[in-house]
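Coordinates in review
This is what each chain is made of:
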Amino acid sequence: MSESLSVGFAGIGRMGRPMAANVAKAGFPLMVWNRTRQKAEELAAESGATVVPTPAGLAGCDVIVTMMADGPATESVYEGPDGLLAALTPGKVCIDMATLAPSHMRSLAERAARKGADFLDSPVSGSIALATAGTLTLMVGGEAAVLERVRPVLAAMGAKIYHMGGVGTGATVKLAVNSIIFSLGEAVAEGLVLAERAGIARSTAYEVFANSAISAPFVQYRREAYERPGEIPVALRMVLAVKDLDLALDLAGEIGAPLPQARLNRDIYQEAAGAGFADWDMSGVAEYFRRKAAAGGA
């Protein structure tokens, strides 16, 4: 069954690369595109995928997956003379797996529908390690029948696949999940720096965190990032945390949901990004607090 669907994949980034690799490993013929071509070529050399020069080159595949950093990057894949929509034909299925606004997902679906193609939004939850293992959690919005058509492709990337409802509902739940993640991340940073300033060794404090009531999966797999800031590969840049929280707050404004903690967290991550931590991992907010405390800031 795997060989019956060809897959195009745009966005060979920190998460996209292992996800695309797992699609190839599952036996799907794979075509890839990335803004930095070298990353696509490296994946192709390892997986046997074919690199195409433009997003339009992916349109011949049965299923086209996009996993870009943000809304503008996603638009650059879909629109323009070399964009996906320029070459999209009836019967194809487009799946966007990035963290975008629900309204943006619905807009992409409408444009795909004009070409006779179906669309699913399927953002993911999980770490790079889970992406590598193919055990991400997928939150899917769109028609159930379309989901079933492409389920084998999604199953190559995720161990848990939840159908949330119509297009945009996957994105909605992803924003809810991320608002909690960023709250937890900020709280871990505060608690860790509090313990350190009181004379507790960082690793000792985190050992307690990892074996206490707050021992969520996030606390476990982010341990190195908090204990060794700036030393390990970035999983999620601070500036993208700000972007995701802005999306959650925009959605909250549209539907009248109170998000006071998310608003506070957005301001804190934004401050850290503006203080030189924009390209740090989101856990770098702890280092921002350390330096602020050392400088006498409150």
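The following refers to the structure shown.

Moving on: the packing of helix H8 (residues 169–197) against helix H12 (residues 238–255). As a packed pair, H8 and H12 sit with axes 9 Å apart at the nearest point and diverge in direction by 120°. Classified by the interaxial angle, the pair formed by H8 and H12 is oblique. Seen along the crossing, H8 lies across H12 with a hand that is left-handed. Two secondary-structure elements touch here, H8 through Thr-172, Leu-175, Asn-178, Ser-179 and Phe-182 and H12 through Ala-241, Asp-244, Leu-245, Leu-247, Ala-248 and Leu-251. Among the residues making up the contact of H8 with H12, the classes are represented as seven nonpolar, three polar and one charged.

Looking at the secondary structure, you find Glu-287 in helix H14 (residues 285–294). Take Glu-287: its relative accessible area is 14%, and that puts it in the buried class. Residues contacting Glu-287, with those up to four places away along its chain left out, are Pro-229, Phe-277 and Trp-280.

Once that is clear, we can look at the pattern of salt bridges. Evaluation of the coordinates by the stated rule reveals 20 salt bridges. For the salt bridge of Arg-202 with Glu-196, the shortest nitrogen-to-oxygen distance reads 2.9 Å. Take Arg-202: its relative accessible area is 24%, and that puts it in the partly exposed class. Here Arg-291 and Glu-287 are joined by a salt bridge, their closest N and O atoms 3.2 Å apart. With Arg-291 and Glu-287 both in helix H14 and four residues apart, this pair spans about one turn of that helix. Via salt bridges that share partners, Glu-196, Arg-202, Glu-287, Arg-290 and Arg-291 belong to a single interconnected network.

As a further point, take the nonpolar core. In this structure, Phe-9, Met-19, Leu-30, Val-32, Ile-95, Met-97 and Leu-154 are the most contacted members of the largest nonpolar core, which totals 37 residues. Elements that contribute at least two residues to this core include exactly strand S1 (7–10), helix H1 (16–25), strand S2 (30–33), helix H2 (37–47), strand S4 (63–66), strand S5 (93–96), strand S8 (136–141) and helix H7 (144–155). When near neighbours in sequence (up to four residues on either side) are disregarded, Met-19 contacts Phe-9, Met-67, Met-97, Val-124, Ala-131, Leu-136 and Met-157. By size, the runner-up hydrophobic cluster in this structure holds 29 residues, among which are Val-188, Val-193, Ala-262 and Phe-289.

What follows concerns the environment of Ile-181. Examined against the element boundaries, Ile-181 turns out to sit in helix H8. Spatially, the C-alpha atoms of Ile-181 and Ala-275 are 22 Å apart, while their sequence positions differ by 94 residues. What Ile-181 contacts, discounting residues up to four positions off in sequence, is Phe-218 and Met-282.

Rules behind the numbers
Residues numbered from 1 in each chain as written. Predicted model: local features only at pLDDT ≥ 70, side-chain atom pairs only at ≥ 80, totals over all residues. Heavy atoms only, no water. Axes fitted to C-alpha atoms, helices over the stretch in contact; angles between N-to-C directions. Helix = DSSP H or I, 4+ residues; strand = E, 2+ residues; numbered from the N terminus. Parallel < 35°, antiparallel > 145°, perpendicular 65-115°, else oblique. Left-handed = near helix turned anticlockwise from the far one by under 90°. Contact = heavy atoms within 4.5 Å. Nonpolar A, V, L, I, M, F, W, Y, C, P; charged D, E, K, R; others polar. Buried < 20%, exposed > 50% of the residue type's maximum accessible area, 1.4 Å probe, protein only. Salt bridge = Lys/Arg side-chain N within 4 Å of Asp/Glu carboxyl O. Core = buried A, V, L, I, M, F, W, Y, C linked by side-chain atoms within 4.5 Å.

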